Amino acid sequence: QRPSIPSVQNPSILRSPIDAFVLSRLEKEELSFSPQAAKETLIRRLYFDLIGLPPTLEEINAFATDPSPDAYEGIVDRLLASPRYGERWGRHWLDLARYADSSGFHQDFDRPSAWRYRDYVIDSFNQDKPYAQFITEQLAGDLIPDSTAQSWIATGFCRNGPSNDDNMGKGLAKVRYRYDQLDDIVATTSNVFLGLTIGCARCHDHKYDPLTQRDYYQFLAFFNSAEPKRLVLDQFQAAKPSLKPHTSKKDKWSPISARVLTDRGQKVRATHILWRGDVRNQGPKVTVNVPSILRSKSTTQRSRLTLARWISDVNNPLTWRVMANRIWAHHFGRGLVATPSNFGKQGERPTHPRLLDWLAIQLRGSGGSMKALHRKIVTSATYRQSSTSTAGAKVDPKNHLLWRMSKRRLEAEPLRDTILHLSGQLNLTMGGPGIKPRVRPELLNASQRNKWPVVKKEGPQHWRRSVYVYVKRQLQYPMLELFDAPSTTHSCARRNKSMVPTQALVLMNDEFVHDQARYFAARVIREVGQSREAQVQQALKLALGKTPSQRRILEGARFLQKQAKILRLDGFAKERATLQALADFCQVLMNLSELVYVE
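Residues numbered from 1 in each chain as written. Predicted model: local features only at pLDDT ≥ 70, side-chain atom pairs only at ≥ 80, totals over all residues. Heavy atoms only, no water.

Peer 1: Is there a simple way to explain the overall build of the protein in this structure?
Peer 2: Helices and strands together make up the secondary structure of the protein, namely 24 helices and seven strands. Relative to the globule expectation of 25 Å for 599 residues, the C-alpha radius of gyration of the protein, 26 Å, shows essentially globular dimensions. Each principal axis of the C-alpha distribution contributes one length, and for the protein these read about 80 × 65 × 40 Å. Relative to its full complement of 599 residues, the protein shows a buried share of 57%. The contacts in the protein between residues at least 6 apart in sequence include a share of 69% that link residues at least 24 apart. In the form shown here, the protein has an accessible surface area of approximately 26,500 Å², with 52% of it arising from carbon and sulfur atoms. Side-chain charges in the protein split into 89 positive and 58 negative, and the spacing between the mean points of these groups amounts to 4 Å. (Helix = DSSP H or I, 4+ residues; strand = E, 2+ residues; numbered from the N terminus. Rg over C-alpha atoms; globule rule 2.2 N^0.38 Å. Buried < 20%, exposed > 50% of the residue type's maximum accessible area, 1.4 Å probe, protein only. Contact = heavy atoms within 4.5 Å. Areas by Shrake-Rupley, 256 points an atom, 1.4 Å probe, with all protein chains shown as cover. Lys, Arg positive; Asp, Glu negative; His and termini not counted. Charge placed at Lys NZ, Arg CZ, Asp CG, Glu CD.)

Next comes the structure, spelled out in structure tokens:
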């Protein structure tokens, strides 16, 4: 139900109903909001949150000098309309969908059309596809009226998990393998859309939540008759789609095919409870149904479309709360519920339950528009706070009450993209098969099948946004993995936030960073010429998005002078030494916490 907007002692600082919920909670602890962040800080935060790239100097200056009261809102609207938005927020969804371009396990076969699902997700976010439709297409896109090739491709959500189809065995082993694949679908579907760990009830009743083993197998029954197929996309017809049997190694995939899940042409399978999850210990037969604790009425329709429509129904409170919480979490670094895929008894309690309901109702009431919810969140006073520590640190050191904006380290993909952005080498081509940038040759020995190519020198085709890097389960791209890109074995609701020396070492020693630092230096010279002070000032402004102090400029100039002398002693010619000294300085900037963290 829609909660009433709470009253506060200082309503003049409110910009949104969101702020009233947050401020009323703060005032109980005799706290208030932190001051609004500086414009330079605010625009950088907004760009990284919405599109995963830093603003240009021209964009920063235009915002800093724009006196109009709606200048900030104008930037929000422009970023939400950018195709870069889908690349940023599509990546968040791919974490949940355990997306990869290979099958994993020992064989780790290539999935040459998996990228079609990735592009479907990016396009869906850019189109601001209604969330209910987004859910329905991924669970039952082959069954909806007027289905399209894209809605069929969306069912790749159910097929993204790891598979070992060439080594599934025979007899009981093959049956066990099939139930393992179904378990992956059941667990992921319930985690991602409902915030429930239904997968825990495969072998016994859930130990903490009111979910029974019968609930698990009734839920599984929705998927039990579906089979993986290969959809031929040329000459697609919704009424009579061209489907080929799925095989793995022997299957010669056409470039115009896609991995899908469908019931079409399949016999209806009976579903039984398996005691202790053992296929040899078959229990009573069950029919399809949703968990009894969430059931307003029973359903006997076997269709995955029935399940998709139940999950996406406007009266299903879990669905809308879970997604609203996910969106909030990516803006603030922590969800109102800190366990985004577990709203059960073992999950964290919400810090602001009434705000969570308000956000969920806003998402539902807007027709499931995620962009509309983004706009409400990022235009609030809560979001615009500075990250400076105040008296709130004594009362709430972990900032659960949101008395300031928390600093956050850039995730793996925005960090790599930012390095390319600074060097001027970022290739903004969208879509298509995954790219395979250079990986150190000694690491390639770890991948015996579906080998990563040996790349001696990277070029523009490798310098696309990181969302397009080929995701190989047996060998993740090292730079992204080191900065906590998720494992693709299971759905990832929250990435790890590690801080280890090897992260700094890769930014100091990796060939990719060295190359881009040289391109960055060449860009700076093109823009400001040969003056050391001008080069330092421009490089700092480009890297950090703000004008540096005079002291910092002089320190940088002295570094360039000293480093050039050292390089000359090492045998570098004068011009080359000057360029390399600036490249070394640019590489230092790529290691600064000010670049790697967003305030």
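Peer 1: Teacher, can you tell me more about the sheet that holds strand β2 (residues 243–245) here?
Peer 2: Pairing between sheet strands relies on hydrogen bonds along the backbone, with the strands arranged either parallel or antiparallel. One open sheet accounts for three strands, arranged β2-β1-β3; its pairing is antiparallel. For this open sheet the edge positions go to β2 and β3 (257–262), each flanked by a neighbour on one side alone. Between one strand axis and the next, the sheet turns through 45° on average, direction left out of account. (Pairing = 2+ DSSP bridges. Axes fitted to C-alpha atoms, helices over the stretch in contact; angles between N-to-C directions.)

Peer 1: Quick question: what am I supposed to make of the pairing of β3 here?
Peer 2: For a regular strand, side chains alternate in direction, first toward one face of the sheet and then toward the other. Counting buried positions over the six residues of β3 gives six, a clear majority of the element. Residues of β3 alternate between two faces, with S257, R259 and L261 on one and A258, V260 and T262 on the opposite face, all of them buried.

Peer 1: For this particular structure, what's the right way to read the state of the cysteines?
Peer 2: Evaluated as defined, the whole model comprises zero disulfides. Take C492: it sits in no disulfide, and the sulfur closest to it among the cysteines is that of C200, at 17 Å. (Disulfide = S-S within 2.5 Å.)

Peer 1: Is there a simple way to think about the pattern of salt bridges in this case?
Peer 2: Any two side chains of opposite charge can pair, so long as their charged atoms come close to each other. This structure, assessed with the given rule, holds 34 salt bridges. For D95, the salt bridge goes to R495, with nearest N and O atoms at 2.7 Å. In this pair, D95 sits in helix α5 (residues 83–96) while R495 sits in the loop between α18 (478–482) and α19 (501–509), placing the two residues 400 residues apart along the sequence. There is no split in this pair, since D95 and R495 are both buried. The salt bridge involving E527 is made with R523; its shortest N-O contact spans 2.9 Å. With a gap of four residues between them, E527 and R523 both fall in helix α20 (residues 511–528), about one helical turn apart. Overall, E527 belongs to the partly exposed group, its relative accessible area being 39%. (Salt bridge = Lys/Arg side-chain N within 4 Å of Asp/Glu carboxyl O.)

Peer 1: Looking at this structure, I do not really get helix α13 (residues 353–365). What am I missing?
Peer 2: Residues lying three or four places apart along an α-helix face the same way, a consequence of the helix completing one turn every 3.6 residues. Taking 1.5 Å per residue as the helical rise, α13 with its 13 residues ought to reach 18 Å, and the 18 Å between its terminal C-alpha atoms agrees with that figure. Inspection of α13 places L355, L356, D357, W358, L359, A360, I361, Q362 and L363 among the buried residues, and these make up the whole buried set. Contacts made by the buried residues of α13 are with α1 (17–27), α12 (317–332) and α14 (370–378). Immediately downstream of α13, the backbone of G367 shows phi near 80°, a positive value. (Expected span 1.5 Å × (residues − 1).)

Coordinates in, geometry out; function isn't part of it.
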